[in-house]
Amino acid sequence: MKDLIVDEFQNCVDECLLRHKSILDILTKLDESQSRINRSVVKCVTSCGCLQVEASKQSLPENLDDALYDCLSESYSNHIVGEPCSNCKDVLEKELGNHLFYLASICNSLDLNLYDILLKEYKNISTLGKYTLK
């Protein structure tokens, strides 16, 4: 069922994309959508204030040899304090959806299946697990 949703989304994108059929247009629109996501996150902090960024050096256990991977994961921080308010969440979801649209457009232009790509990446991550270290 999930593959149908991704495939239907990719097909819908293909039907909807009219003006920016060129791969060059799609690449620049994808880049623009990434910038809009970044800007939306920044606005959560600077304009709304629903999020705060408290960044500092990541703290690691003193003896890394003895540290378990699971403990290392808990040692790292995403530096985010708070949660997006409903308005900011709506904006973020809109911008992320727009980004997915252009990602699917690139897949369509290159005759790639987005679901297959997701599956391959999932298999890589789940097979390698903590050793993926992206």
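Predicted model, so just to flag it, every value in this text is computed and none were measured. (Residues numbered from 1 in each chain as written. Predicted model: local features only at pLDDT ≥ 70, side-chain atom pairs only at ≥ 80, totals over all residues. Heavy atoms only, no water.)

Participant: Help me understand the overall build of the protein, please; the structure alone is not making it clear to me.
Facilitator: What the protein contains, in helices and strands, is five helices and two strands. Written out in order from the N terminus, the α and β elements of the protein read α-α-β-α-β-α-α. Considering only contacts in the protein between residues 6 or more positions apart, those separated by 24 or more positions represent 72%. Accessible surface, the protein as shown: approximately 10200 Å² in total, 56% of it carbon and sulfur. (Helix = DSSP H or I, 4+ residues; strand = E, 2+ residues; numbered from the N terminus. Contact = heavy atoms within 4.5 Å. Areas by Shrake-Rupley, 256 points an atom, 1.4 Å probe, with all protein chains shown as cover.)

Participant: Can you help me understand the nonpolar core in this one?
Facilitator: Looking at soluble globular proteins, one finds that nonpolar side chains tend to be buried together. Ranked by size, the top nonpolar core spans 11 residues in total: Val6, Val13, Leu17, Ile26, Leu30, Phe101, Tyr102, Ala104, Ile106, Cys107 and Leu114. Elements supplying a minimum of two residues to this core: α1 (2–16), α2 (23–48) and α4 (86–109). Core analysis: the next-biggest nonpolar cluster, separate from the first, contains five residues, Cys50, Leu51, Cys88 and Leu92 among them. (Core = buried A, V, L, I, M, F, W, Y, C linked by side-chain atoms within 4.5 Å. Buried < 20%, exposed > 50% of the residue type's maximum accessible area, 1.4 Å probe, protein only.)

Participant: Please clarify how the pattern of salt bridges should be interpreted in this entry.
Facilitator: For side chains bearing opposite charge, pairing can occur when the charged atoms are close. This model, assessed by the stated rule, comprises four salt bridges. One salt bridge in this structure joins Glu32 and Lys29, with 3.5 Å as the shortest N-O distance. In this pair, Glu32 and Lys29 both sit in helix α2, three residues apart, roughly one turn of the helix. Here Arg36 and Glu95 are joined by a salt bridge, their closest N and O atoms 3.2 Å apart. Note that Arg36 is positioned in helix α2 and Glu95 in helix α4, a separation of 59 residues in sequence. Among the ionic contacts, a cluster of salt bridges with common partners joins Arg36, Lys94 and Glu95. (Salt bridge = Lys/Arg side-chain N within 4 Å of Asp/Glu carboxyl O.)

Participant: Sorry, what's going on with α4 here?
Facilitator: Here α4 is 24 residues long and its end C-alpha atoms lie 35 Å apart, about the 34 Å a rise of 1.5 Å per residue gives. Taken as a whole, α4 has its buried residues at Cys88, Leu92, Glu95, His99, Phe101, Tyr102, Ala104, Ser105, Ile106 and Cys107. (Expected span 1.5 Å × (residues − 1).)

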